[in-house]
Amino acid sequence: MWKWVLGGVALGTVIFLLVIGVDVLPVLLLAGLAALLFNMPALKGLTRSFAQPLRAAAGGAISFQDIGGQASAKQELVEALDFLQDPEAVQELGIRPLKGILLTGPPGTGKTLLARAAAQYTGSAFLAAAGSEFIEMYAGVGAQRVRDLFSRARQLAREQSRQAAIIFIDEIEVLGGKRGQNQGHLEYDQTINQLLVEMDGLRSQKDDVQVLVMAATNRADLLDDALTRPGRFDRIVRVELPDRAARREILELHTRQKPLAEDVDLDRVARETFGFSGAHLESLTNEAAIIAMRRGLRKIQQEHFIEAVDKVMLGEKLDRRPSREELERVALHESGHALVAEALRPGSVASITITSRGGALGYVRQAPQDDRYLHTLQEIEDDIAVALAGMVSEELTLGGRSTGALQDFEQAFERGRLLIFSGMSPLGVVSEETLPESELHLALTQVVHEVETKVRALLQAHVDDLRVAAARLCESERLGGAELRRICGLPDLEEPLSKEMAAT
Ligand code: ATP
């Protein structure tokens, strides 16, 4: 109450002084300074909230069952987490408590989900932060945030009456990169030092709350060695891109709440999404539902999923519409890629499109029959053949090349380098570091030219088919693999395979 009276008197005095023409600026400045000193505790509160970029888990609880695939990552995690479940046994046996688990792998593979499921599995409080949130221009802020993170985790566990807390730090490489590499920026080093200090402090068994740090990165190679040495992040769990069976599981999880039409074949969608991460697959199911809605349908059909694959892979359709002449060239180019792919790997072409999406004017989607992790000489040569086929097709049908093949050449040379450095070229086993540029150039052009000659012979024999396929493409913008096989008189291997799968 007295604060209001004082405020009123002060305001009245200032107005009076202003009316009689006194300069009140110095008085106001002095009064402001006094108020600031008087309210110091509030100021402390302000810096404190500035130093807290932390998030307690939002959204519903996630369990390991909500994560598709990742069987070995889950298994390794569960084994590691069982330590947290039975602290007495750990103490009795004198086991050093686990302090950190590092999840490494490509983006969108479910690392955050795994950390949240770990918290759910162990009944721990869960606190998440990203490495970038710790890096500020001001020295000491990052270190302060690390300290806050650990004390918040303990506080949160107490508030939720839990015995353990899991701190999840995403993009740990931003905060835990190799020390001394950020020249003139000691802030990074101070922050990581503080993290090491906090992790070392987790040793005490007497703590009422056990803290486990989980971190995720897709650049483990950038991490400071001190972080990965035993006693800190001493469990490293690899989280890989899902294989075909895992993709199927993830698709099932993300379509649980969605109405699917009778014709939907998730096996087939899984087969056509090689290289997709869990995040891509989630986005694919969402896009398929959006396409169904735009067409005024109440159920999602197989064709919506297939269209969504293109969209997730290449981006939104562009309004840009090439001229008729350009469109024909693109169609002939893409038909060339598709025909050679089909001839070398029967049944592999899923679809051909000449709709402009993202940076591409056209696209052939190939679905590997099985996921491949190793490649033979023949397979690499086939990849080069498919890459060169667009350019050769343009040449055979239109009598000249265009700039549309630029990316194809890059791909062909990239595969050529793989072939050479895997010791599969006439040069034998060579080292990337010591092979002279001129020899590499010779070897690469030799590989590419030999393949080009074979591609020319193959397409020459199918020039009429190429023209028919391209004409159909110009009409409908999209051609399915089965239709291409029909045009070229090639056996359609896709149908029996999916029927067989449906029967099992
Ligand atoms: P980043 O490295 O980019 O941070 P991340 O590996 O942490 O990615 P998450 O954030 O866990 O990936 O996954 C993003 C989204 O992708 C999830 O919310 C989920 O919808 C989906 N997702 C990813 N992996 C899976 C999976 N294995 N099962 C089910 N959904 C998944």
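Computed from a predicted model, the values in this text were never measured in an experiment.

A short note on the sheet that holds strand 9 (residues 478-480)
Here's step 1: One open sheet holds the 3 strands; their spatial order is 8-7-9, and the pairing between them is antiparallel. Of all the strands in the sheet, the pair left with one neighbour each is strand 8 (363-366) and strand 9. Averaged over all neighbouring strand pairs, the angle between strand axes comes to 10°, with direction disregarded.
Here's step 2: Pairing between strand 7 (residues 349-353) and strand 8: 4 bridges, direction antiparallel. Of the residues in strand 8, the one forming a bridge with T353 is Y363.
Here's step 3: Sitting on the sheet, helix 19 (residues 463-476) touches strand 7 and strand 9, and the angle it makes with strand 9 is about 125°.
Here's step 4: Of the strands in this sheet, strand 7 and strand 9 touch helix 20 (residues 481-488), which is tilted by about 80° from strand 9.

Some thoughts on the pairing of strand 3 (residues 125-130)
Here's step 1: Counting buried positions along strand 3 yields 6 of 6 residues, so the element is predominantly enclosed.
Here's step 2: Going residue by residue along strand 3, you find A125, L127 and A129 tucked away on one face and F126, A128 and A130 tucked away on the opposite face as well.

Thoughts on the packing of aromatic side chains
Here's step 1: If you walk through the whole model with that rule in mind, you get 2 aromatic pairs.
Here's step 2: On the basis of an interplanar angle of 20° and a centroid distance of 6.3 Å, the ring pair of F126 and F168 is categorised as stacked. Here F168 lies in strand 4 (residues 164-170) and F126 lies in strand 3, a separation of 42 residues in the sequence. Per residue, the accessibility class of F126 equals that of F168, and both read buried.

A short note on the environment of G336
Here's step 1: Among the secondary structure elements, G336 is positioned in helix 15 (residues 324-344).
Here's step 2: Linking G336 and L388, residues 52 residues apart in sequence, is a C-alpha distance of 8.7 Å.
Here's step 3: Beyond its immediate stretch of four places on either side in the chain, G336 contacts A389, S393, L459 and L466.

Concerning helix 14 (residues 302-314)
Here's step 1: In this model helix 14 runs 19 Å from its N-terminal to its C-terminal C-alpha over 13 residues, within 8% of the 18 Å that 1.5 Å per residue would give.
Here's step 2: Of all 13 residues in helix 14, 10 are buried; the element is thus mostly enclosed.
Here's step 3: Listed as buried for helix 14 are Q302, H304, F305, I306, E307, A308, V309, D310, K311 and V312.
Here's step 4: Where helix 14 is buried, its residues meet helix 11 (244-255), helix 12 (266-271), helix 13 (278-294), strand 7, strand 8 and strand 9.
Here's step 5: Looking one or two residues past helix 14, G315 carries a phi angle of roughly 105°, positive in sign.

Focus: the pattern of salt bridges
Here's step 1: A full pass over the atoms with the stated rule returns 23 salt bridges.
Here's step 2: Across the pair E287 and K311 runs a salt bridge, and its minimum N-O distance is 2.7 Å. Placement of the pair is E287 in helix 13 and K311 in helix 14, with a sequence separation of 24 residues. Accessibility assignment for this pair places E287 and K311 in one class, buried.

Here we look at the nonpolar core
Here's step 1: With 44 residues, the main nonpolar core has I352, I420, V455, L459 and L484 as its most contacted residues.
Here's step 2: Listing elements by their share of this core, those giving two or more residues are helix 15, strand 7, helix 16 (377-398), helix 17 (406-421), helix 18 (437-460), helix 19 and helix 20.
Here's step 3: Among the elements that take part in this core, helix 16 stands out by supplying 9 residues, more than any other.
Here's step 4: Once residues within four sequence positions are removed from consideration, L459 is found in contact with G336, L339, V340, A389, V392, S393, L396 and L466.
Here's step 5: In this structure, V146, L149, A153 and V211 belong to the second largest nonpolar core, which totals 28 residues.

About the thresholds
- Residues numbered from 1 in each chain as written.
- Predicted model: local features only at pLDDT ≥ 70, side-chain atom pairs only at ≥ 80, totals over all residues.
- Heavy atoms only, no water.
- Pairing = 2+ DSSP bridges.
- Helix = DSSP H or I, 4+ residues; strand = E, 2+ residues; numbered from the N terminus.
- Axes fitted to C-alpha atoms, helices over the stretch in contact; angles between N-to-C directions.
- Contact = heavy atoms within 4.5 Å.
- Buried < 20%, exposed > 50% of the residue type's maximum accessible area, 1.4 Å probe, protein only.
- Phe/Tyr/Trp six-rings, centres within 6.5 Å; stacked < 30°, edge-to-face > 60°.
- Expected span 1.5 Å × (residues − 1).
- Salt bridge = Lys/Arg side-chain N within 4 Å of Asp/Glu carboxyl O.
- Core = buried A, V, L, I, M, F, W, Y, C linked by side-chain atoms within 4.5 Å.

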